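Listed below, chain by chain, are the residues.
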Amino acid sequence: MTQPELKEYLKSLGAPAFRGAQVFEWIYKGKTDFRDITVLPEVLREKLAENAAIGTLKTLVVQKSRTDGTRKYLFELADGNTIESVFMKYKFGNSICVSSQAGCRMGCAFCASTRNGLARDLTAGEIVSQILEAEADTGERIGHIVIMGSGEPFDNYENVSRFLRIVNDPKGLNIGMRNITVSTCGLVPMIPRFAEDFGQVNLAISLHAPNDEIRSSMMPVNRKWGIRELVETCRAYAEKTGRRVTFEYTLVSGVNDSDAHAAELAALLRGLLCHVNLIPLNKVSETGLDTVPRARAEEFRQLLEKRGIPATVRRELGADIDAACGQLRLNAARKKA
Ligand code: SAH
């Protein structure tokens, strides 16, 4: 619950609203049992313990990288579904990649998260809990969030919005909107709404192709909203918010990685306040798609830079543990089957 929702909830239990503020504050100071929130009257503590819960995740697996401090989590939800999150250490501080849905229904050809379809949307609490669990496990504070785990955040907009309000609340995790990035596969009508609601949050767009033909072959969403419409909407977004858009571009061997593709991409993005993040594909065996050598990603980056498009190759973290993008969850499902 957001702080205002929690205040309403406390009122519904017959307590004054300020008790809601206290409960909110103590949850984010690390209490996991209402009975331990001793500023509350005893009767209220009991009532809360009977009717509500703090934290909703059970940790099934933690994988720790020996080389860079990356930790991957597989969590079980109360209904038995599983999700995953990744904790990463950067020079600028600790960051977490959270899931917004259990599974995904977007159907991108290269992605592990969508292989078994969408199980369900996550509640705001289940998204927040991923951070609380990782903070408790590492003993470290997390200052940056990317919503780039399993799921399409704009397909679960209400709960993702509530999640953003909770983590941004000074009495919550107090994480600045500018330290948060939402990544979408391009549900175009949601972009202006997002700009209106969360103009300070960073927007990343999974582009992955320089034209409709290739993009539609990789991402079914492109058949609904084509690449021109998407890019023009991003142009309007950048103009309205003054914020730079990140385009993620996963390089797949023989599909979208040629010199001509780089030139076409540069032309598509010309004049747009943006940055391209190149990601060598993480191989998912079922997809039959192949990755590119890092050296090729670097060449592709230079082709973009030469044409005036700022680009980077995504650094790889946790290479010695299960690769990114829903693969831990998929492996767990494979083992079950
Ligand atoms: N649904 C959202 C966020 C989740 S995916 C979105 O599409 O943006 C986060 C990023 O990882 C997206 O850019 C996605 O396309 C990319 N991705 C998914 N599977 C991948 C894989 N196997 N290798 C590399 N990148 C992948």
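A quick note: this is a predicted structure, and the numbers were derived from the prediction, not measured.

Draft legend 1. Focus on the packing of helix α5 (residues 157–168) against helix α6 (residues 190–197). Axis separation between α5 and α6 bottoms out at 13 Å; the angle between their running directions is 20°. Classified by the interaxial angle, the pair formed by α5 and α6 is roughly parallel. Remark: the crossing between α5 and α6 carries right-handed chirality. Note on element contacts: α6 touches α5 through M190, R193, F194 and D197, opposite Y157, E158, L164 and R165.

Draft legend 2. Local environment of the sheet that holds strand β4 (residues 93–97). The 10 strands are arranged β1-β2-β3-β4-β7-β8-β9-β10-β11-β12 in an open sheet whose pairing can be described as mixed. Of all strands in the sheet, those bounded by a partner on one side alone are β1 (58–64) and β12 (311–313). In this sheet, adjacent strand axes meet at a mean angle of 20° when their direction is disregarded. Two elements, strand β10 (residues 245–251) and strand β11 (residues 274–280), share seven bridges in a ladder whose sense is parallel. Directly across from T246, in β11, lies its bridge partner H275. Each of β10, β11 and β12 touches helix α11 (residues 294–306); the most contacted strand, β12, lies at about 175° to it.

Draft legend 3. Fine view of the environment of I147. For I147, the location among the structural elements is in strand β7 (residues 144–147). When its relative accessible area of 2% is taken as the criterion, I147 is described as buried. Sequence separation of I147 and S183 is 36 residues, and the distance between their C-alpha atoms is 6.0 Å. Aside from chain neighbours lying at most four places away, what touches I147 is V98, S100, P153, V160, F163, L164, T181, V182 and S183.

Draft legend 4. Local environment of the site of the ligand. Near the ligand there are 19 residues, and of these G151, S183, S206, H208 and N282 occur at the shortest range. Residue F110 places a main-chain N or O atom 3.2 Å away from a nitrogen atom belonging to the ligand. The contact in question runs from a nitrogen atom of the ligand to an N or O atom on the side chain of T250, over 3.2 Å. Secondary structure elements with two or more residues in the shell around the ligand: β8 (180–184) and β10. Taken together, the residues of the shell around the ligand break down into nine nonpolar, eight polar and two charged.

Draft legend 5. Highlighting the pattern of salt bridges. Taken as a whole and judged by the stated rule, the model has 22 salt bridges. Across the pair D197 and R193 runs a salt bridge, and its minimum N-O distance is 3.9 Å. Linking D197 with R193, this pair stays in helix α6, spanning four residues, or about one helical turn. The partly exposed category is assigned to D197, whose relative accessible area is 32%. Ionic pairing is found between R301 and E305, a salt bridge with its closest N-O pair at 3.5 Å. Linking R301 with E305, this pair stays in helix α11, spanning four residues, or about one helical turn. The class of E305 is partly exposed, set by a relative accessible area of 35%. In the salt-bridge network here, residues are joined through shared partners; they are E25, K29 and K171.

Draft legend 6. Fine view of the nonpolar core. With 97 residues, the main nonpolar core has I145, F163, F194, F247, L269 and L304 as its most contacted residues. Apart from the residues lying within four places of it in its own chain, the contact partners of F194 are F154, Y157, L164, V182, G199, V201, N202, L203 and Y237.

The rules behind the values
Residues numbered from 1 in each chain as written. Predicted model: local features only at pLDDT ≥ 70, side-chain atom pairs only at ≥ 80, totals over all residues. Heavy atoms only, no water. Axes fitted to C-alpha atoms, helices over the stretch in contact; angles between N-to-C directions. Helix = DSSP H or I, 4+ residues; strand = E, 2+ residues; numbered from the N terminus. Parallel < 35°, antiparallel > 145°, perpendicular 65-115°, else oblique. Left-handed = near helix turned anticlockwise from the far one by under 90°. Contact = heavy atoms within 4.5 Å. Pairing = 2+ DSSP bridges. Buried < 20%, exposed > 50% of the residue type's maximum accessible area, 1.4 Å probe, protein only. Near = heavy atom within 4 Å. Polar contact = N/O pair within 3.5 Å; in protein donor to acceptor, adjacent residues only side chain to side chain. Nonpolar A, V, L, I, M, F, W, Y, C, P; charged D, E, K, R; others polar. Salt bridge = Lys/Arg side-chain N within 4 Å of Asp/Glu carboxyl O. Core = buried A, V, L, I, M, F, W, Y, C linked by side-chain atoms within 4.5 Å.

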